[in-house]
Amino acid sequence: MVAAPGKADLVLHQGLVLGHPGSDSVAISGGVIVAHGPFAELKPLVGPRTHLVKLAGRTVAPGFIDSHIHFREAAAAATGISVSRCRTVADLLADLRLAAGKTPPGNWIRAFGCDEAMMLDNRGPTRAELDASAPKNPLRLRHQTLHATWLNSRAIAVLGLEAPDFTPPDGANMVRDAAGKLTGLVVGMETWLSDHLPLVTAAESESRARIMSREMAAAGVTAFTDATTRNSPVEVEQFAKLAQSNAICQRVSVMIGGQHLEAADECEKIARAAGISLAGAKFMPGNQYDTAGLSRPVRHALERGLDCAFHVTEIEELDEAIAAIESAKSQFSGRREMPRFRIEHGGIITPDYIDRLMAANVWVVTNPGFIYFRGPKYATEPGLVPHLYRARTLKDRNVHPVGATDAPVTPAKPFAAIVAAASRTTIDGVPLGPAEALSMPDAFALFTTAAARLARLDAGVIEPDRLADLIVLPRDPSTLAPADLMNLTVDITIVAGRVVYERGRPAIASSDSADLRST
């Protein structure tokens, strides 16, 4: 259904418009905001085919942009077995036993969310414990950080890890006990394991994506960037298909791994055809991309016009990333505008690096939700706390901070991260680095205005000619206490002027009835 010329497709009316005290309504046409103001002034935009949504005092706000997630992993965790809430090994094993009881013998069990640093036992499960919990199934239990996995004996046997002729992939660490036997914990083999487990069918992949996309829409997310290092043309094609089938309702940006630079043109072609974006290249400091180290592939990425992102959680990774950025910038001879540099996570940034980040015009995609959800782990290392997931210092020194949840490492819930950025308090109420706390408006900007600038989206604010990526909230978030804000629900999520989520309405009914475009 198309509105008449000069008329709005959709008008949200008689509520509050965040950031505009004199406005109570927003008019949308062709996927963009055409006006906001008092409803009486917007009435000329209402035609016979205009869809009216009465806000009844509710608040319209910009949708959230999550600048760094791992969508497929998050979708698998959201639709599979999650043990991230377990705080003892006994509870974790009990959950795995329940899962095994529902899984046919011989079928893989895929679980997610264990972190020994968050366990009251201060350890992860042993191989024998995993064997007892899932005696008839191969089991893969992924670490919360996505960088390690625990396997039981059946999984080890199926994968052939104890075969005399098995050669681990480069960079892998297969942890062994004093007798030389595998403990079940393997580090640095995530891509290899994913490639050697049974393939997920296209139908299952689409089902997972629909569930995850709706979960993110329910949290107010209207756009995201997938920052998975192993993304190649195959994964970009998968995202393209999911976006084209509307299995993913958000705006999608995808990074490719730094090892796939030669396929950048192919990835760009796939992305453009599907209406998704190529967000740049992702590099892992510490990995040897070629004999020249990290600087050469970074220069190649710049020459292709790609933004360059660097996984940085440790100070050694930060040092290598900044050195590569400085070297690449000094040798950049492209005729186009200099692409952007991104530090992903910025887990530890000591004062001596901040001037270099500012001079290099670097963006830092920080994870304030780590302070809340993973705070108990950091509280045991007080010397690092002042440098963890900085925000205030970066902003004050003109380094560009942007927010991300890093889902599934933390839940894809921007409100929780926003509150953490403003309160700097852990899940058990312990303050961590309060000097790095942002004001609430600045915390919101991490997922709205700042994130939109980094993603080059005309979004993040409610103004004419900006993208109509909006959320409707039951209360004005600027008036709420942190605890209430963290638990604030989202009533409606709108992407490009189309209602993609409405609380209390089934997914199919929501998407079909609210599609305001012609079919």
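Some details on the overall build of the chain
A tally of regular secondary structure across the chain gives 20 helices and 23 strands. Taken against the 2.2 N^0.38 rule, which gives 24 Å for 519 residues, the C-alpha radius of gyration of the chain at 24 Å falls within 12% of a compact globule. Each principal axis of the C-alpha atoms in the chain carries an extent, and together these give about 80 × 55 × 45 Å. Among the 519 residues that make up the chain, the fraction classed as buried is 53%. In the chain, once contacts between residues fewer than 6 apart in sequence are set aside, the share between residues at least 24 apart is 71%. About 21,800 Å² of surface is accessible on the chain, with carbon and sulfur atoms providing 52% of the total. Distance from the positive charge centre (53 side chains) to the negative charge centre (57 side chains) of the chain: 4 Å.

Looking at unusual backbone geometry
Looking along the chain, the bond that leaves A407 and enters P408 is cis, with omega of 10 degrees. Of note, P408 is situated in the loop between β20 (400-403) and α16 (414-423). Residue N246 is not a glycine yet carries a positive backbone phi of 65 degrees. Counting through the fold element by element, N246 comes out in the loop between α8 (233-244) and β15 (251-257). Residue classification places N246 among the partly exposed residues on the basis of a relative accessible area of 41%. A positive phi angle is found at R456, which is not glycine, with a value near 55 degrees. Among the secondary structure elements, R456 is positioned in the loop between α18 (449-455) and β21 (470-473). Exposure remark for R456: the relative accessible area of 48% places this residue in the partly exposed category.

Description of the side chain of E436
Within the secondary structure, E436 is located in the loop between α16 and α17 (440-445). Its relative accessible area of 3% is what places E436 among the buried residues. At 2.9 Å, the side chain of E436 and the backbone nitrogen of A391 are in polar contact. Within the structure, E436 has its side chain in polar contact with the side chain of T393 (distance 2.5 Å). The residues contacting E436, other than those within four sequence positions of it, are P386, R390, A391, R392, T393, A421 and R424.

Overview of the nonpolar core
Ranked by internal contacts, the top residues of the largest apolar core, which has 57 residues, are F71, I276, F283, V298, F310, I343 and L357. Here this core gets 6 residues from one element, more than from any other, and that element is helix α11 (residues 315-331). Not counting chain neighbours up to four residues away, the residues in contact with F310 comprise F283, P285, L294, V298, A321, A324, I325, F341, R342, I343 and E344.

Examining the sheet that holds strand β1 (residues 10-13)
Read across the sheet, 4 strands follow the order β4-β3-β1-β5 without closing on themselves; strand pairing throughout is mixed. Of all strands in the sheet, those bounded by a partner on one side alone are β4 (32-37) and β5 (51-54). Direction aside, the axes of adjacent strands within the sheet are offset by 15 degrees on average. Both β1 and strand β3 (residues 25-29) contribute to a ladder of 3 bridges, which runs antiparallel. The residue bridging V11 from the neighbouring strand is A27, located in β3.

Remarks on helix α3 (residues 89-101)
Each turn of an α-helix holds 3.6 residues, which means side chains three or four residues apart point in the same direction. For α3, with 13 residues, the first-to-last C-alpha span of 18 Å sits near the 18 Å given by 1.5 Å per residue. All buried positions along α3 are accounted for by V89, L92, L93, L96, A99 and A100. Each buried residue of α3 lies within a common arc of 115 degrees when the element is viewed along its axis, so the set occupies one face. Seen from the buried face of α3, the exposed residues on the opposite side, beyond 90 degrees, are A90, L98 and G101.

Quick look at the state of the cysteines
Scanning the entire structure with this criterion turns up 0 disulfides. C86 forms no disulfide, and the closest cysteine sulfur to it belongs to C114, at a distance of 8.4 Å. Here C308 is not cross-linked by a disulfide; its sulfur's nearest cysteine counterpart is in C267, at 15 Å. Residue class for C308 comes out buried when judged on its relative accessible area of 0%.

Remarks on the packing of α11 against helix α12 (residues 351-359)
Two numbers describe how α11 lies on α12: the axes approach to 11 Å, and their chain directions differ by 30 degrees. With respect to α12, the axis of α11 lies roughly parallel. Pair α11 / α12 crosses with left-handed handedness. Here I315, L318, D319, I322, A323 and E326 of α11 come into contact with α12, specifically with Y353, R356 and L357. Considered class by class, the residues forming the contact of α11 with α12 number 6 nonpolar, no polar and 3 charged.

Concerning the packing of aromatic side chains
Per the stated rule, a full pass over the model turns up 10 aromatic pairs. An angle of 35 degrees between the planes, with centres 6.2 Å apart, marks the rings of F64 and F444 as tilted. Separated by 380 residues along the polypeptide, F64 in strand β7 (residues 64-69) and F444 in helix α17 bring together distant segments of the chain. With relative accessibility at 1%, the residue F64 sits in the buried group. Here the aromatic residues F64, F415 and F444 are joined through ring pairs into a cluster of three or more. Above the face of the F370 ring, R374 is positioned so that its terminal group lies 5.9 Å from the ring centre.

Cut-offs used in this document
Residues numbered from 1 in each chain as written. Predicted model: local features only at pLDDT ≥ 70, side-chain atom pairs only at ≥ 80, totals over all residues. Heavy atoms only, no water. Helix = DSSP H or I, 4+ residues; strand = E, 2+ residues; numbered from the N terminus. Rg over C-alpha atoms; globule rule 2.2 N^0.38 Å. Buried < 20%, exposed > 50% of the residue type's maximum accessible area, 1.4 Å probe, protein only. Contact = heavy atoms within 4.5 Å. Areas by Shrake-Rupley, 256 points an atom, 1.4 Å probe, with all protein chains shown as cover. Lys, Arg positive; Asp, Glu negative; His and termini not counted. Charge placed at Lys NZ, Arg CZ, Asp CG, Glu CD. Polar contact = N/O pair within 3.5 Å; in protein donor to acceptor, adjacent residues only side chain to side chain. Core = buried A, V, L, I, M, F, W, Y, C linked by side-chain atoms within 4.5 Å. Pairing = 2+ DSSP bridges. Axes fitted to C-alpha atoms, helices over the stretch in contact; angles between N-to-C directions. Expected span 1.5 Å × (residues − 1). Arc of directions from axis to C-beta. Disulfide = S-S within 2.5 Å. Parallel < 35°, antiparallel > 145°, perpendicular 65-115°, else oblique. Left-handed = near helix turned anticlockwise from the far one by under 90°. Nonpolar A, V, L, I, M, F, W, Y, C, P; charged D, E, K, R; others polar. Phe/Tyr/Trp six-rings, centres within 6.5 Å; stacked < 30°, edge-to-face > 60°. Lys NZ or Arg CZ within 6 Å of the ring centre and 35° of its normal.

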